Amino acid sequence: MGVLLIGAGGREHALAYALSRSQMAGDIYCTPGNGGIAEYAKCIDLDASDHQELIKFCWENNVGLVVVGPEQPLVEGIVESLEAEGIKTFGPTKKAAQLEASKSFTKEFCTKYKIPTASYQVFAKGDDFEGYLKDCALPVVIKADGLAAGKGVTIAQSHEEALDAVRACFDGRFGSAGGKVVIEDCLVGEEASFFAICDGEYAMELPTAQDHKRAFEGDEGPNTGGMGAYSPAPVMTDVLRKQVMDEIIMPTLKGMKADGAPYKGVLYAGLMITDKGPQLIEYNVRFGDPECQVLMARLRSDIAPVLMASSDGMLDRMVHRFDDRAAITVVMAAKGYPGNYESGSEIKGLEEAASDPDIMIFHAGTRRDEEGRIFATGGRVLNITALGKTVGEARDKAYAAIDKIDWPEGFYRKDIGWRAIEREKGMDK
Ligand code: AMP
Ligand code: GLY
């Protein structure tokens, strides 16, 4: 059976790596792919928005499973189109993908099904948001309703900043994504990422993970897609994990089914661990990037049957196995990211850096030329991923690998995993 993977980042490279180890998956194709994915998959140029083109490709190439990395194709209804032609596709339908595509949908859903989340109010243009903001506590969180490439959230420290953020949404800074605005309380605590593969009814919990969203050391600087991640996340104790399953994930599956949009695919809950317990910050309908990289580095069982079972509604018959060791991934980005950066510089030393079997280098934004040379093509460029007995040991291996990479145009954070490593030190005492 052929598998078609959709996407171009480090997340998709990690999925391609997992699929390449599958007994069930035969030929692997990826559109558009990147310089690293090309090692495991045949990279082709298809238009993911053109469902007829995808269907034709799947038929001609014996593709029996399509794995969608990013949210956009899901929100555009790729799952319905392909499944209508009998092509199994991992991910939620357009209706179920609203959990990521509309923050007001998710907030209202949480209220209806009593899922713990920050208190909020939704506003449309012309509503009296000024009156609401005048009395609200600071900081306050302003969110554009729709998909805004990770830039739609402002944590406003003053009423003026909050007013400006709401007006910017209504003035079109995020296009139609800012047509509605969610204003919500600011939660205090530690963030964690929680992943469950779902089949409409049943949820298979994956190991815990955490990412670092800020660009610079000490979790300072602008927000990014993620500068590193690790798994497990020691903040997620067994008690908390059970609470998240019982209070957040399972009520979501039940509610989505009751509302006629059963949720299939991977459900990614962004959580804040507050002193009142875990609260949902947001849902994503895809794997996190770079969290996927550490999960796939730890995965030992075959991924393809699990992805198929998610689509088939047979996940309760599946088991998965993960390496007991910890994994970490350090993102190497082009200098300037998440602002302006240069593209096209050559990266050397990758083969030597990846010579240790516990090191996996996933490419997030690269191109491979005919001679096999690798060039940077994006903001986030490489994910240096390592396994180790502890997060601390994995971290040391990842940074030792980075030392072998020759790419003066790149930068990376030197403190990935610091929270987990501090906890590990605390446990040793
Ligand atoms: P999002 O785009 O929803 O992932 O939000 C981006 C980031 O904003 C999150 O990862 C959090 O760090 C932060 N954030 C969003 N909502 C809240 C909230 N209600 N309280 C505190 N931080 C938040
Ligand atoms: N790592 C955060 C995200 O994938 O949205």
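The structure displayed is predicted, hence computed values, not measured ones.

What follows covers the sheet that holds strand β19 (residues 366-368). On the basis of which strands lie adjacent, the open sheet formed by three strands has the order β17-β20-β19 and antiparallel pairing. Bordering the open sheet on either side are β17 (346-347) and β19, each of which pairs with just one other strand.

Looking along the chain, the bond that leaves Thr31 and enters Pro32 is cis, with omega of -5°. The step from Leu138 to Pro139 runs through a cis peptide bond, and the omega angle for that step is -10°. On the secondary structure map, Pro139 appears in the loop between α7 (129-134) and β7 (140-144). In this structure, Asn62 takes a positive phi of about 60° despite not being glycine.

Judged by pairing direction, the sheet is antiparallel, and its four strands sit side by side in the order β11-β10-β14-β15 without closing on themselves. Each edge of the sheet is formed by a strand with only one pairing partner; in this case those strands are β11 (203-205) and β15 (277-284). Averaged over all pairs of adjacent strands, the angle between their axes in this sheet comes to 35°, without regard to strand direction. Where strand β10 (residues 190-199) and β11 come together, three bridges link them in antiparallel fashion. Bridged to Ala196 within β11 is Glu205. Where helix α9 (residues 238-258) meets the sheet, it contacts β10, β11, β14 (264-274) and β15, and its direction lies at approximately 45° from that of β15.

With that settled, consider the layout of surface pockets. Estimates place the volume of the second largest pocket at around 490 Å³. Looking at the second largest pocket, it is lined by 21 residues, and the ones nearest its centre are Glu39, Leu350, Glu351, Ala354 and His363. When residues of the lining of the second largest pocket are traced back to their parent elements, those giving at least two are α1 (10-20), β17, α12 (350-353) and β18 (359-363). In terms of residues, the lining of the second largest pocket owes the most to one element, β18, which gives five residues. Here the lining of the second largest pocket is built from residues that sort into 11 nonpolar, four polar and six charged.

Attention now moves to empty space enclosed by the protein. Counted according to the given criterion, the structure contains two cavities of 30 Å³ or more. By volume, the largest cavity is sized at about 70 Å³. Forming the walls of the largest cavity are Ile197, Met204, Leu206, Met296, Leu299, Ile303, Val306, His320 and Phe322. Residues of the lining of the largest cavity, tallied by class, amount to eight nonpolar, one polar and no charged. When its volume is computed, the second largest cavity comes out at roughly 40 Å³. For the second largest cavity, the full set of lining residues is Val68, Leu74, Phe90, Gly91, Pro92, Val266, Val285, Arg286 and Phe287.

Here we come to the site of ligand 1. Of all residues adjacent to ligand 1, which total 14 residues, the nearest are Lys143, Glu184, Leu187, Glu191 and Glu282. One nitrogen or oxygen atom from the main chain of Leu187 is found 2.8 Å from a nitrogen atom belonging to ligand 1. Glu282 is positioned such that a nitrogen or oxygen atom in its side chain is 2.6 Å from an oxygen atom of ligand 1. Elements with a minimum of two residues in the shell around ligand 1: β7, β8 (153-156), β9 (180-185) and β15.

How two helices pack is summed up by the angle between their axes together with the distance between the axes. Axis separation between α1 and helix α10 (residues 291-298) bottoms out at 8 Å; the angle between their running directions is 15°. Considered as vectors, α1 and α10 are oriented roughly parallel to each other. For the element pair α1 and α10, the recorded crossing hand is left-handed. For the pair formed by α1 and α10, the contact residues are Gly10, Arg11, Ala14, Leu15, Tyr17 and Ala18 on the first element and Cys292, Gln293 and Met296 on the second. Its residues assigned to classes, the contact of α1 with α10 comprises six nonpolar, two polar and one charged.

When you line up the elements, Tyr202 lands in the loop between β10 and β11. Taking the relative accessible area as the measure of exposure, Tyr202 reaches 35% and is therefore partly exposed. Between the C-alpha atom of Tyr202 and that of Asp316, which follows or precedes it by 114 residues, the distance is 6.3 Å. Those residues in contact with Tyr202, other than ones at most four positions away along the chain, are Ile197, Leu253, Leu315 and Asp316.

With that settled, consider the site of ligand 2. As a structural note, the neighbourhood of ligand 2 is formed by Asp211, Gly225, Tyr268, Arg286, Gly288, Asp289, Pro290 and Glu291. At a separation of 2.8 Å, a nitrogen atom of ligand 2 approaches a polar side-chain atom of Asp211. Between Asp289 and ligand 2, the recorded distance is 2.9 Å, taken from a backbone N or O atom to an oxygen atom. Relative to its unbound accessible area of 200 Å², ligand 2 is 88% covered by the protein chains. Considering only residue class, the shell around ligand 2 consists of two nonpolar, two polar and four charged.

Basis of the calculations
Residues numbered from 1 in each chain as written. Chains lettered and ligands numbered in written order. Predicted model: local features only at pLDDT ≥ 70, side-chain atom pairs only at ≥ 80, totals over all residues. Heavy atoms only, no water. Pairing = 2+ DSSP bridges. Helix = DSSP H or I, 4+ residues; strand = E, 2+ residues; numbered from the N terminus. Axes fitted to C-alpha atoms, helices over the stretch in contact; angles between N-to-C directions. Contact = heavy atoms within 4.5 Å. 1 Å grid on protein atoms, 1.4 Å probe; cavity = no way out; pocket = protein on both sides within 12 Å on 5 of 7 lines; lining within 4 Å. Points joined across faces, edges and corners; volume = space filled by probe spheres on them. Nonpolar A, V, L, I, M, F, W, Y, C, P; charged D, E, K, R; others polar. Near = heavy atom within 4 Å. Polar contact = N/O pair within 3.5 Å; in protein donor to acceptor, adjacent residues only side chain to side chain. Parallel < 35°, antiparallel > 145°, perpendicular 65-115°, else oblique. Left-handed = near helix turned anticlockwise from the far one by under 90°. Buried < 20%, exposed > 50% of the residue type's maximum accessible area, 1.4 Å probe, protein only. Areas by Shrake-Rupley, 256 points an atom, 1.4 Å probe, with all protein chains shown as cover.

Any functional reading would require information beyond the geometric quantities listed.
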